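Coordinate analysis (summary)
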Amino acid sequence: MATLGVNIDHVATIRQARRTVEPDPVWAAALAELGGADAITVHLREDRRHIQDRDLEVLRRTVQVKLNLESAIASGMIDIACRIKPDQVTLVPERREEITTEGGLDVLTHRAATAEAVRRLHDAGIAVSLFIDPCARQIDAAVDLAVEAAELHTGAYAVATTEATRHDRLVDLSRGAQMVRQAKLQLAAGHGLTYRNVMPVARLDGMGELNIGHSIVSRAVLVGFSQAVREMKSLMTLMTDRT
Ligand code: PXP
């Protein structure tokens, strides 16, 4: 069964809308753990639009499950990761003008910088995952860099508007998942997953971890954080697709 990494960035997004102290993502992390989260994921962006350095520092001391830090490959961000020492760093692409992470990291184009980030993180004893599109060339490039895990970008699947396209994008994910498994990397997936579309992805062979943020935080506003996490975990364990 896939484990659940809860991305709490959007709790910080609400706080930053008023530049105040609430809601505190550190509290959300504790409630997510009480709801059954297997990992807490945060993205410290270079523009600090949601998660702040203080959040990451406190989370490192308080999170009891796996702490997964999403980071750009920029050397200043890798400096922070090496100092904080999360359990895992997921390298992601980052553009200041984007609303959220768009597309996976282009490991082919940014091979040298990615390799350097991976080397530094490994030297600091931190496991590395690469957030990549479910495409053979990117997966091959990730395998070449000897990272521990690959997180397949589920965005194209999530935004598919017809059954046929959704099916095709799921086939892409399934093929990508198979390549990742065959290369003996840990398999993860995420982006745009919701209570309606999560089950087919959770049921892909060998799926190790799903990272889900926006949908869980959105539900948490209405039903509470722990309950929202519990509901997502129970959907991930269902064996039949009721969507
Ligand atoms: N995985 C990665 C690498 C991401 O960058 C994000 C978005 O921050 C997510 C998963 C979660 O995406 P969403 O908020 O759409 O669930």
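Predicted model only: the values in this text are computed from it and were never measured.

Considering the overall build of the protein
- Tallying secondary structure elements over the protein gives 11 helices and eight strands in all.
- The C-alpha atoms of the protein give a radius of gyration of 17 Å, which matches the 18 Å a tight globule of 243 residues would have.
- With the C-alpha coordinates aligned to their principal axes, the bounding extent of the protein is approximately 45 × 45 × 30 Å.
- The buried share of the protein, taken over its 243 residues, is 50%.
- Partitioning the contacts of the protein with sequence separation of at least 6, the portion at a separation of at least 24 is 67%.
- In the protein, 29 side chains carry a positive charge and 32 a negative one; their mean positions are 2 Å apart.

What to know about the environment of E151
- Its location among the elements puts E151 in strand β6 (residues 149–153).
- Along the sequence, E151 and N7 sit 144 residues apart, while their C-alpha atoms lie 14 Å from each other.
- Setting aside anything within four residues of it in sequence, one finds E151 in contact with T90, S129, L130, F131, I132, A188, A189, G190 and N211.
- Among the polar contacts listed, one links the side chain of E151 to the side chain of N211, at a separation of 3.1 Å.

Some remarks on the site of the ligand
- The ligand sits among 13 residues. The nearest are E70, E151, G192, G213 and H214.
- Between E70 and the ligand, the recorded distance is 3.0 Å, taken from a side-chain N or O atom to an oxygen atom.
- In the environment of the ligand, an oxygen atom lies 2.9 Å from a nitrogen or oxygen atom belonging to the backbone of H214.
- Considering the ligand on its own, with 400 Å² of exposed area, one finds that the protein chains cover 94% of that surface.
- Residues belonging to the shell around the ligand are distributed by class as follows: three nonpolar, eight polar and two charged.

Side note on unusual backbone geometry
- The residue after E22, namely P23, is reached through a cis peptide bond having omega -5 degrees.
- Here P23 lies in the loop between α1 (9–18) and α2 (25–34).
- One non-glycine residue, R19, adopts positive backbone phi at about 50 degrees.
- Following the sequence through the fold, R19 ends up in the loop between α1 and α2.
- A relative accessible area of 68% means that R19 is categorised as exposed.
- At R48, a residue that is not glycine, the phi angle is positive and equals roughly 50 degrees.
- By the element assignment, R48 lies in the loop between β2 (39–43) and α3 (53–62).

Quick notes on the rules
Residues numbered from 1 in each chain as written. Predicted model: local features only at pLDDT ≥ 70, side-chain atom pairs only at ≥ 80, totals over all residues. Heavy atoms only, no water. Helix = DSSP H or I, 4+ residues; strand = E, 2+ residues; numbered from the N terminus. Rg over C-alpha atoms; globule rule 2.2 N^0.38 Å. Buried < 20%, exposed > 50% of the residue type's maximum accessible area, 1.4 Å probe, protein only. Contact = heavy atoms within 4.5 Å. Lys, Arg positive; Asp, Glu negative; His and termini not counted. Charge placed at Lys NZ, Arg CZ, Asp CG, Glu CD. Polar contact = N/O pair within 3.5 Å; in protein donor to acceptor, adjacent residues only side chain to side chain. Near = heavy atom within 4 Å. Areas by Shrake-Rupley, 256 points an atom, 1.4 Å probe, with all protein chains shown as cover. Nonpolar A, V, L, I, M, F, W, Y, C, P; charged D, E, K, R; others polar.

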